[in-house]
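Summary of the model geometry
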Amino acid sequence: MKTPKRLQSLLDDGLIDSVLYQLMSGKEAQVYVVQCGDQVRCAKVFKEASKRSFKQAVEYQEGRKVRNSRRARAMGKKTRYGQKEHEDAWLNAEVDALYRLADAGVRVPRPSGFVDGVLLMELISDADGKAAPRLDDVELTREQALDFHQQVIADVVRMLSAGLIHGDLSEFNVLLDDQGPVIIDLPQAVNASGNNNAERMLERDVDNMRRYFGKYAPELMNTDYGKEIWELYESGRLHPTSKLTGCFIHDTHSADLGEIMEVIDAAKEEERDRLERQQANDEED
């Protein structure tokens, strides 16, 4: 096929030898199957920010670390340079997550390079060597659903043990090769320890998987892996091989309203004292 403009520089530099065909076009990027020497890989070409439908929501970016202080300051401003730095950080997030998760034993496509907004990575194939289908494109038996659900949950645990949450996990971004599920699409990966939305996003990811696999294995609808996983993580007891039950005992005790009001009143009083001290210092100056 004709070489897409965004891939021409990689062809010129010898990073790819030819473009075989377009695999898909999604909200974030277009994916092509390319020949790299004796290997067939994927080239994920990220769309420009103005052409992407998935927004760089603040809730996903919270807690991401920027090593360069100049870049961090720029990203806090709405300048052209600051917007470019935001864009670069967003694109690099998936690359960093893939390397990190592959090293942690999570089933993700192994990356091989990131050049000019193009991510080169492993092509996930089915038993016939063709591009693997998404979960949404297959029909499962009850036994397969139970097995694959267990594999995905195990990878969610490995991800969280490595400090990350997918943040947008569903049947549309899990591929199925001859060994089972492979998780893809991670530009919005969430820093679990630094994001106030982490617990909610983890539970949403897990619940999405429960609903999908529950269509084929209804007993999964009675599980609550999300809260169980988060409770283990929050208490420091989660590790990559944690044994889960799928059960979680919810706290049914009623909140002590009087105690809550005391905490609120104490916080208000502390804030009043702080403001009075600040005002006194201003008057002295």
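Here the structure is a predicted model, which is why all the values come from computation and not from measurement.

1. So, the overall build of the protein
- A count of helical and extended segments in the protein gives eight helices and nine strands.
- Residue burial in the protein is summarised as follows: out of 285 residues, 41% are buried.
- Contacts spanning at least 24 positions in sequence make up 60% of the contacts within the protein whose residues lie at least 6 apart.
- As presented, the protein carries roughly 16,400 Å² of accessible surface, and 48% of it is formed by carbon and sulfur atoms.

2. Quick notes on the sheet that holds strand 5 (residues 118-122)
- What the five strands build is an open sheet, ordered 1-2-3-5-4; its pairing is antiparallel. For this open sheet the edge positions go to strand 1 (18-25) and strand 4 (111-115), each flanked by a neighbour on one side alone. Between one strand axis and the next, the sheet turns through 25 degrees on average, direction left out of account.
- In this structure, strand 3 (residues 39-46) lies alongside strand 5, joined through five bridges in antiparallel fashion. For Val 45, the partnering residue across the bridge sits in strand 5 and is Val 118.

3. Considerations on the packing of helix 6 (residues 198-214) against helix 7 (residues 225-234)
- Running from N to C, helix 6 and helix 7 point in directions that differ by 140 degrees, and their axes come no closer than 8 Å. On the basis of their axis angle, the class for helix 6 and helix 7 is oblique. By crossing handedness, the relation of helix 6 to helix 7 is classed as right-handed. Residues Ala 198, Glu 199, Leu 202, Glu 203 and Val 206 of helix 6 form the contact with helix 7, whose own contacting residues are Tyr 225, Gly 226, Lys 227, Ile 229 and Trp 230.
- Looking at the contact of helix 6 with helix 7, its residues break down into six nonpolar, one polar and three charged.

4. Description of a nonpolar patch on the surface
- Taken together, the side chains of Met 1, Leu 20, Tyr 21, Leu 23, Met 24 and Val 40 make up a nonpolar region of the molecular surface, amounting to roughly 500 Å² of accessible area.
- Broken down by element, the residue count for the nonpolar patch peaks at four residues, all from strand 1.
- Mapping Leu 20 onto the fold places it in strand 1.

5. Thoughts on the packing of aromatic side chains
- Counted under the stated rule, the structure contains four aromatic pairs.
- Measuring from centroid to centroid gives 5.0 Å for Tyr 212 and Phe 213, while their planes differ by 75 degrees, and the two rings are edge-to-face.
- With relative accessibility at 3%, the residue Tyr 212 sits in the buried group.
- Overall, the relative accessible area of 0% leaves Phe 213 in the buried class.
- Ring centres of Trp 230 and Tyr 233 lie 5.0 Å apart, and the angle between their planes is 45 degrees; this geometry places the pair in the tilted category. Highlighted residues: Trp 230 and Tyr 233, both in helix 7, separated by three residues, approximately one helical turn.
- Trp 230 sits in the buried class, given a relative accessible area of 8%.
- For Tyr 233, a relative accessible area of 23% translates into the label partly exposed.

Conventions used here
- Residues numbered from 1 in each chain as written.
- Predicted model: local features only at pLDDT ≥ 70, side-chain atom pairs only at ≥ 80, totals over all residues.
- Heavy atoms only, no water.
- Helix = DSSP H or I, 4+ residues; strand = E, 2+ residues; numbered from the N terminus.
- Buried < 20%, exposed > 50% of the residue type's maximum accessible area, 1.4 Å probe, protein only.
- Contact = heavy atoms within 4.5 Å.
- Areas by Shrake-Rupley, 256 points an atom, 1.4 Å probe, with all protein chains shown as cover.
- Pairing = 2+ DSSP bridges.
- Axes fitted to C-alpha atoms, helices over the stretch in contact; angles between N-to-C directions.
- Parallel < 35°, antiparallel > 145°, perpendicular 65-115°, else oblique.
- Left-handed = near helix turned anticlockwise from the far one by under 90°.
- Nonpolar A, V, L, I, M, F, W, Y, C, P; charged D, E, K, R; others polar.
- Patch = residues over 30% accessible without salt bridge, like charges linked within 9 Å, V, L, I, M, F, W, Y side chains within 5 Å.
- Salt bridge = Lys/Arg side-chain N within 4 Å of Asp/Glu carboxyl O.
- Phe/Tyr/Trp six-rings, centres within 6.5 Å; stacked < 30°, edge-to-face > 60°.

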